[in-house]
Amino acid sequence: MSAQKVSLVRRSQIAYNTDMKMISWNVNGLRACMGKGFLSFVQEQSPDILALQETKMQPHQADVPLEGYHQFWNSAEKKGYSGTAIFAKRKPLSVTYGVGVDTDGKVYIWGYTRITDTIDLKNIPEEVQNAKIVNVAAGYDHIVALDENGAIYVWGNKRLGQDSIPDKIQMAAAYGKNLGIKQIEASNQFSAAVTEDGELFLWGNGNQADIKIKKEYQGNIEKVALTARAYVALTKDGAVVYSGFQKDNALVRIPEGLDSGVVDIAASSNAVAAVKE
């Protein structure tokens, strides 16, 4: 879940129009993505609605010359963090901003939030309520949040190490040092964080998920995508890698051709997707 959201509402037959095309894309920095074929891809695909996450820019920082689209931006106040945008061919009747985390850093939780009789994800810790949150991720039974100073918070089920945040992150927060965390993710009882310097942190239930990291990839991670029990990473030089240690994991069998030129990755509970330039 991104820290900033923007949603559009139309009364036209969106639910019934089988010809309508929508693309949702975590660009992980729109300005960088524009230099890697973003415009040509959008022009070729010509979606009716283009929903972008992690734009990491303010609208005035770059021109996005997509003719024929109405643009709606919801950027984080802190430059270089999160942000979303929607491009729509048809002008919506109304636009709503601020779902998930608002501009004051307040977190909102909804849905099936009760994990046990005593654990409800809607019970946001006081320290989180008092912090300015810039990014949030929802896992199967826990929530992870990142504040403007780089501190990470976890609440929900903690029985299997979901809150065992790595010492380096905790020590940095305690001494007021910001590690430059740019991405947080949460999955089934484990979580991840990636820094601007390409360092990857993983924590949680190591008995169920592969949360180890091969040293040769540290410092070169651009993004991580989590399945229910493992993860894949995108390196800064555009390669998809499995940087864990499980040899019998299906994620190890990365398709040929994904060792360069990859601009984004994503994952569901059981599968992984990647897009090339």
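K.L.:
Summarise the side chain of T113; cite the residues concerned and give the values.
P.N.:
Position of T113 relative to the elements: it lies in the loop between β6 (94–97) and α3 (126–129). Side-chain polar atoms of T113 contact the side chain of D120, separated by 2.7 Å. When sequence neighbours within four positions are dropped, the list of residues in contact with T113 reads I119, D120, L121 and K122.

K.L.:
Go over the sheet that holds strand β4 (residues 70–74) with me, naming the residues and quoting the values.
P.N.:
Here we have four strands laid out as an open sheet, ordered β2-β3-β5-β4, and mixed in their pairing. Each end of this open sheet is capped by a strand with a single partner; those strands are β2 (22–26) and β4. Direction aside, neighbouring strands of the sheet carry axes that sit 10° apart on average. Sitting on the sheet, helix α2 (residues 38–45) touches β2 and β3 (49–53), and the angle it makes with β2 is about 160°.

K.L.:
Explain the confidence of the model for the chain residue by residue, including any values.
P.N.:
Predicted confidence across the chain gives a mean pLDDT of 86, with 88% of residues reaching 70 or more. Between residues 1–5, whose pLDDT stays under 50, and residues either more than four places distant or in other chains, the model counts 28 contacts.

K.L.:
Which residues make up unusual backbone geometry, and what values do they have?
P.N.:
One non-glycine residue, N28, lies in positive phi territory at about 55°. Turning to its location among the elements, N28 is positioned in the loop between β2 and α1 (30–34). Judged by relative accessible area, N28 falls into the buried class, the value being 11%. The backbone of S46 shows a phi angle near 50°, a positive value even though the residue is not glycine. Looking at the secondary structure, you find S46 in the loop between α2 and β3. Accessibility expressed as a relative area gives 33% for S46, which makes it partly exposed.

Conventions we followed
Residues numbered from 1 in each chain as written. Predicted model: local features only at pLDDT ≥ 70, side-chain atom pairs only at ≥ 80, totals over all residues. Heavy atoms only, no water. Helix = DSSP H or I, 4+ residues; strand = E, 2+ residues; numbered from the N terminus. Polar contact = N/O pair within 3.5 Å; in protein donor to acceptor, adjacent residues only side chain to side chain. Contact = heavy atoms within 4.5 Å. Pairing = 2+ DSSP bridges. Axes fitted to C-alpha atoms, helices over the stretch in contact; angles between N-to-C directions. pLDDT = per-residue confidence, 0-100. Buried < 20%, exposed > 50% of the residue type's maximum accessible area, 1.4 Å probe, protein only.

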